[in-house]
Amino acid sequence: MSAAISEVVTRALKTLPPERRGPFLRDLMATAAAGLAATEGERVASEAVYRLADAMVEHAADA
């Protein structure tokens with residue numbers, strides 16, 4: 001299922017002008033986190049968001 005989701009997001013990003021890609025991804029992440037909170041609870045959603053942020057910090061340190 002993850003491959004299918006990444007394909008949808010990739011196609012959407014290709015159709016957007018560069019200045020709209022960041023806001024699109026922020027909206028997507030916020031919507032996904034809200035959906036996760038609604039379906040699996042705030043603790044699970046918070047953990048997922050925390051792990052994403054941690055991965056981003058680690059990636060930025062490598063760059």
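None of the values given here were measured: they were computed from a predicted structure. (Residues numbered from 1 in each chain as written. Predicted model: local features only at pLDDT ≥ 70, side-chain atom pairs only at ≥ 80, totals over all residues. Heavy atoms only, no water.)

## A short note on the overall build of the chain
For step 1, the next point in the chain: If you tally the helices and strands in the chain, you get three helices and zero strands.
For step 2, the next point in the chain: Moving toward the C terminus, one meets the helices and strands of the chain in the order α-α-α.
For step 3, the next point in the chain: A globule of 63 residues ought to have a C-alpha radius of gyration of about 11 Å, yet the chain, at 13 Å, is considerably larger.
For step 4, the next point in the chain: In terms of overall dimensions, the chain has a C-alpha envelope of 35 × 30 × 20 Å along the principal axes.
For step 5, the next point in the chain: Taken over 63 residues, the chain has a buried fraction of 5%. (Helix = DSSP H or I, 4+ residues; strand = E, 2+ residues; numbered from the N terminus. Rg over C-alpha atoms; globule rule 2.2 N^0.38 Å. Buried < 20%, exposed > 50% of the residue type's maximum accessible area, 1.4 Å probe, protein only.)

## Quick notes on the packing of helix H2 (residues 18-40) against helix H3 (residues 42-62)
For step 1, the next point in the chain: Relative to each other, H2 and H3 sit at 150 degrees, their axes nearing to 6 Å. On H3, the residues touching Met29, Ala33, Leu36, Ala37 and Glu40 of H2 are Glu42, Val44, Ala45, Ala48, Val49 and Leu52. (Axes fitted to C-alpha atoms, helices over the stretch in contact; angles between N-to-C directions. Contact = heavy atoms within 4.5 Å.)

Treat this as a map of the structure, not an account of what it does.
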